[in-house]
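Here are the chains, one letter per residue:
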Amino acid sequence: MENNSFPEIWEELKNSKSVLIPLHISPDGDSFGSALVMYYILTDMGKKVTVTSAEKIGGFYDLLDEYKIVKWEVDVAQLDFAEFDTMISLDVSDPFRFLKDGEIKGFTFPSDLRIIVIDHHPGFKYFGALNLHYPEYSSTAEILDDLISNFKFKILNLKFKASKMLLLGILSDTGFLRWAVRPELFEKVSRLMREVNYQDLWNTMLYNVPEGNKRFQGLVLKNVVYNARGRFVYSKITLAEMEQLGIPKTEAGGGSDLLKDVRGYDFSFTITEKELGRVMISFRSQKGVDVSVFARALGNGGGHKAAAGVLLADVSVDEAEKLVLEAIKNSSRYVV
Ligand SMILES: [Mn+2]
């Protein structure tokens with residue numbers, strides 16, 4: 001399958017009337033930023049645009065004006081698709097990632113819905129009528145930056161709002177330009193910084209970590225296991241521990257990033273009990289280990305070489321831990 005051209009994408013967007021843009025499950029800054037960029041562009045083109053998210057997003061996002069645009073806790077499975085002629089799928093390689101428990105239940109969109117897919121994940125399924133896939137890009141927002149550069153903006157105020165969301169998506173997916181970076185990205189970021197009030201964005205993103213997330217980070221470090229022989233670091237967090245510390249579920253994130261930088265260890269993961277019987281495994285590596293192999297070996301998981309995840313159903317946290325250690329042991333490179 002091949003990418004469509006930017007003019008083809010714009011032509012399709014011009015022909016749309018009512019557009020659905022869902023955030024993916026466990027929404028992140030790239031999902032949020034990319035969706036809001038498209039929202040601004042399409043509303044300016046006179047389209048009716050609906051942005052939904054099956055799950056709430058944690059962190060600083062409620063401090064942004066854009067937070068109010070999203071219809072939170074609206075699962076795509078509950079929507080009346082007769083209302084939409086077009087859907088823009090952003091930052092996902094598989095359509096089921098829009099549905100809560102979609103990995104487990106499976107989900108397909110109506111065949112008459114025109115789907116435009118824009119993503120940077122490996123293992124990408126060309127499931128749209130039109131597709132843009134750039135696996136070498138840091139973020140979906142970076143792809144949208146190229147797409148927008150191809151389009152002539154008339155309203156400066158809109159350009160400001162869209163640029164802020166592009167920058168947010170890029171900064172979020174690269175851990176503030178620490179990973180998934182290329183020299184070209186810094187040129188784009190430098191240009192975007194000149195187009196927005198970047199000090200304000202920096203302050204919002206960096207200095208508003210919710211207490212709940214700090215408590216979660218504490219729990220991740222408290223429960224850490226250093227496996228020197230296998231050269232990996234991991235942490236297991238139960239629902240009971242989170243409830244005891246009053247950690248909201250939306251703040252149970254960022255744990256594997258916290259563990260991926262330890263000297264002498266090649267990759268990290270967290271085993272987080274989201275709900276009873278629902279356990280999220282989140283892998284990270286910056287040292288050449290392809291952690292998406294483990295995520296795929298465990299079921300319907302996926303992601304990047306350096307960042308991957310899988311949701312396990314009908315298992316306890318201890319069973320999930322056994323399954324993960326087994327999957328690592330069975331891979332050719334690692335001995336537990
Ligand atoms: Mn992304």
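Residues numbered from 1 in each chain as written. Predicted model: local features only at pLDDT ≥ 70, side-chain atom pairs only at ≥ 80, totals over all residues.

**A word on the sheet that holds strand β11 (residues 302–303)**
The strand order across the open sheet built from 6 strands is β7-β8-β9-β10-β12-β11, with neighbouring strands paired in mixed fashion. The outermost strands of the open sheet, each flanked by one partner alone, are β7 (225–227) and β11. Across the face of the sheet, helix α12 (residues 317–330) comes into contact with β8 (232–237), β9 (267–275), β10 (278–284) and β12 (307–313) while running at roughly 150 degrees to β9. (Pairing = 2+ DSSP bridges. Helix = DSSP H or I, 4+ residues; strand = E, 2+ residues; numbered from the N terminus. Contact = placed C-beta atoms within 7 Å. Axes fitted to C-alpha atoms, helices over the stretch in contact; angles between N-to-C directions.)

**Notes on the nonpolar core**
Within the largest apolar cluster, 43 residues are counted, with the highest numbers of intra-cluster contacts made by Ile21, Ala35, Val37, Met38, Tyr39 and Leu166. It is helix α2 (residues 29–44) that contributes the most residues to this core, 9 residues altogether. In this structure, Leu219, Phe232, Val233 and Leu298 belong to the second largest nonpolar core, which totals 33 residues. (Core = buried A, V, L, I, M, F, W, Y, C linked by C-beta atoms within 7 Å. Buried ≥ 20, exposed ≤ 12 C-beta atoms within 10 Å, placed from the backbone.)

**Some thoughts on the domain arrangement of the protein chain**
When the parts come together, some accessible area is lost, and that loss is often what is quoted as the size of the interface. We note that the domain assignment places domain 1 (6–206) and domain 2 (211–330) within the protein chain. Just the C-alpha atoms count here: the centres of domain 1 and domain 2 sit 26 Å apart. If you look at the interface, domain 1 gives 13 residues, while domain 2 gives 16 residues. Partitioning the side of domain 1 that touches domain 2 into residue classes produces 4 nonpolar, 6 polar and 3 charged. (Domains from an automatic or database assignment. Nonpolar A, V, L, I, M, F, W, Y, C, P; charged D, E, K, R; others polar.)

**Quick word on helix α8 (residues 211–222)**
End to end, α8 covers 16 Å across 12 residues, agreeing with the expected 16 Å (1.5 Å per residue, within 8%). Taken together, the buried positions of α8 are Asn213, Phe216, Leu219 and Val220. The arc that holds the buried residues of α8, viewed along the axis, is 115 degrees, so those residues lie on one side. Across from the buried face of α8, at angles greater than 90 degrees, the exposed residues are Glu211, Lys214, Gly218, Leu221 and Lys222. Buried residues belonging to α8 abut β8, α9 (239–244), α10 (255–259) and β9. (Expected span 1.5 Å × (residues − 1). Arc of directions from axis to C-beta.)

**With respect to the sheet that holds strand β1 (residues 18–22)**
Strands belonging to one sheet form pairs held by backbone hydrogen bonds; the direction of such a pair is parallel or antiparallel. Here we have 6 strands laid out as an open sheet, ordered β3-β2-β1-β4-β5-β6, and parallel in their pairing. Every interior strand has two partners, whereas the edge strands, β3 (71–72) and β6 (130–133), have only one. In terms of strand pairing, strand β2 (residues 48–53) meets β3 through 2 bridges, oriented parallel. The residue bridging Ser53 from the neighbouring strand is Trp72, located in β3. Taken strand by strand, helix α1 (residues 6–15) contacts β5 (114–119) and β6, and its axis lies near 135 degrees from that of β6.

**Observations concerning the pairing of β8**
With 6 of 6 residues buried, β8 is to be regarded as a mostly interior element. Both faces of β8 are covered, namely the face carrying Phe232, Tyr234 and Lys236 and the face carrying Val233, Ser235 and Ile237. Pairing geometry for β7 and β8, over 3 bridges, is antiparallel. Paired with Asn227 across the bridge in β8 is Phe232. Two successive antiparallel strands, β7 and β8, enclose a turn made up of 4 residues, where Arg231 displays a positive phi of approximately 60 degrees. Pairing analysis gives 6 bridges linking β8 to β9, with the strands arranged parallel. By the bridge assignment for β9, Lys236 is matched with Ile271.

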